[in-house]
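Report on the structure
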Amino acid sequence: NDPGGPDLNAAFHVAVAEASGNRLLMTFVAELHRLTRPANYINWTPEIGLQSVKHHIDVVRGIRHRDPQVAADAMHSHLDYLRDHISP
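Residues numbered from 1 in each chain as written. Predicted model: local features only at pLDDT ≥ 70, side-chain atom pairs only at ≥ 80, totals over all residues. Heavy atoms only, no water.

A word on helix α4 (residues 68–83)
Note the threshold: Runs of H or I in DSSP of at least four residues are treated as helices and runs of E of at least two as strands, each being numbered from the N terminus. To estimate how far a helix should extend, the number of its residues minus one is multiplied by 1.5 Å. Each residue is assigned to one of three classes by its accessible area relative to the maximum for its type, calculated with a 1.4 Å probe on protein chains only: buried under 20%, partly exposed between the two thresholds, exposed over 50%. It is the directions from the helix axis to the C-beta atoms that the arc portrays. Two residues form a contact once any of their heavy atoms are found within 4.5 Å.
Under the 1.5 Å per step criterion, the end-to-end length of α4 is 22 Å for 16 residues, consistent within 8% with the ideal 22 Å. Of all the positions in α4, only Ala71, Ala74, Met75, His78, Tyr81 and Leu82 are classed as buried. Taken around the axis of α4, the buried residues stretch over an arc of 125°, which confines them to a single face. Of the residues in α4, the exposed ones pointing more than 90 degrees away from the buried face are Pro68, His76 and Arg83. Close packing links the buried residues of α4 with α1 (5–20) and α3 (46–64).

Some words on the environment of valine 59
Within the secondary structure, valine 59 is located in helix α3. With 15 residues separating them along the chain, valine 59 and alanine 74 place their C-alpha atoms 5.2 Å apart. Excluding anything up to four places from it in sequence, valine 59 contacts Phe12, Ala71, Ala74 and Met75.

Quick word on the pattern of salt bridges
Close approach of charged atoms allows side chains of opposite charge to pair. Heads up, the condition is: Salt bridge, as applied in this entry: a Lys or Arg side-chain nitrogen positioned within 4 Å of an Asp or Glu carboxyl oxygen.
Taken as a whole and judged by the stated rule, the model has five salt bridges. A salt bridge links arginine 61 to aspartate 58; its shortest N-O distance comes to 2.9 Å. In this pair, arginine 61 and aspartate 58 are both assigned in helix α3, three residues apart and thus about one turn of the helix distant. By relative accessible area, aspartate 58 is classed as partly exposed at 32%. Salt-bridge contacts for arginine 83 lead to aspartate 84; the nearest nitrogen and oxygen are separated by 3.9 Å. Accessibility assignment for this pair places arginine 83 and aspartate 84 in one class, exposed.

Quick notes on the packing of α1 against α3
Here is the rule: Orientation is described by lines fitted to C-alpha atoms, with helices fitted over the stretch in contact, and by angles between N-to-C directions that extend from 0 to 180 degrees. Working definition: roughly parallel below 35 degrees, roughly antiparallel above 145 degrees, roughly perpendicular at 65 to 115 degrees, and oblique for all remaining angles. Lys, Arg, Asp and Glu make up the charged group, whereas Ala, Val, Leu, Ile, Met, Phe, Trp, Tyr, Cys and Pro make up the nonpolar group; the residues left over, Gly among them, are polar.
Between α1 and α3, whose axes approach to 12 Å, the crossing angle comes to 10°. Accordingly, the angle class assigned to the pair α1 and α3 is roughly parallel. Along its contact with α1, which presents Asn9, Phe12, His13 and Val16, the element α3 presents His56, Val59, Val60 and Ile63. When its residues are assigned to classes, the contact of α1 with α3 shows five nonpolar, three polar and no charged.

Re the packing of α1 against helix α2 (residues 23–36)
Two measures define how a pair of helices packs: the angle their axes make with one another and the distance between the axes. How we decide: Rotating anticlockwise by less than a right angle from the far helix to the near helix defines a left-handed crossing, while the corresponding clockwise rotation defines a right-handed one.
Where α1 contacts α2, the axes come no closer than 8 Å and their chain directions differ by 165°. Accordingly, the angle class assigned to the pair α1 and α2 is roughly antiparallel. The element α1 and its partner α2 pack so that their crossing is left-handed. Where α1 abuts α2, its residues Ala10, His13, Val14, Ala17, Glu18 and Ser20 lie against Leu25, Met26, Val29, Ala30 and His33.

This is the structure in structure tokens:
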């Protein structure tokens, strides 16, 4: 279990929300991670951490290329993947 996984994952999501310039989204994402710490419900194995980083790279690629559909699809894939790995 990677103890740094939840904090790194949360920092990525908050940074993306901040980069959007959408104050409501920034506040929502920051508070969601601060209050509920959703990433703490994942068993952060090295494989899950690696796949999460790959998803994050795909999200950034979509943002960098100004392709909202690519970024959104990558984020959906990431969230679906993490949801499928919630610890019982």
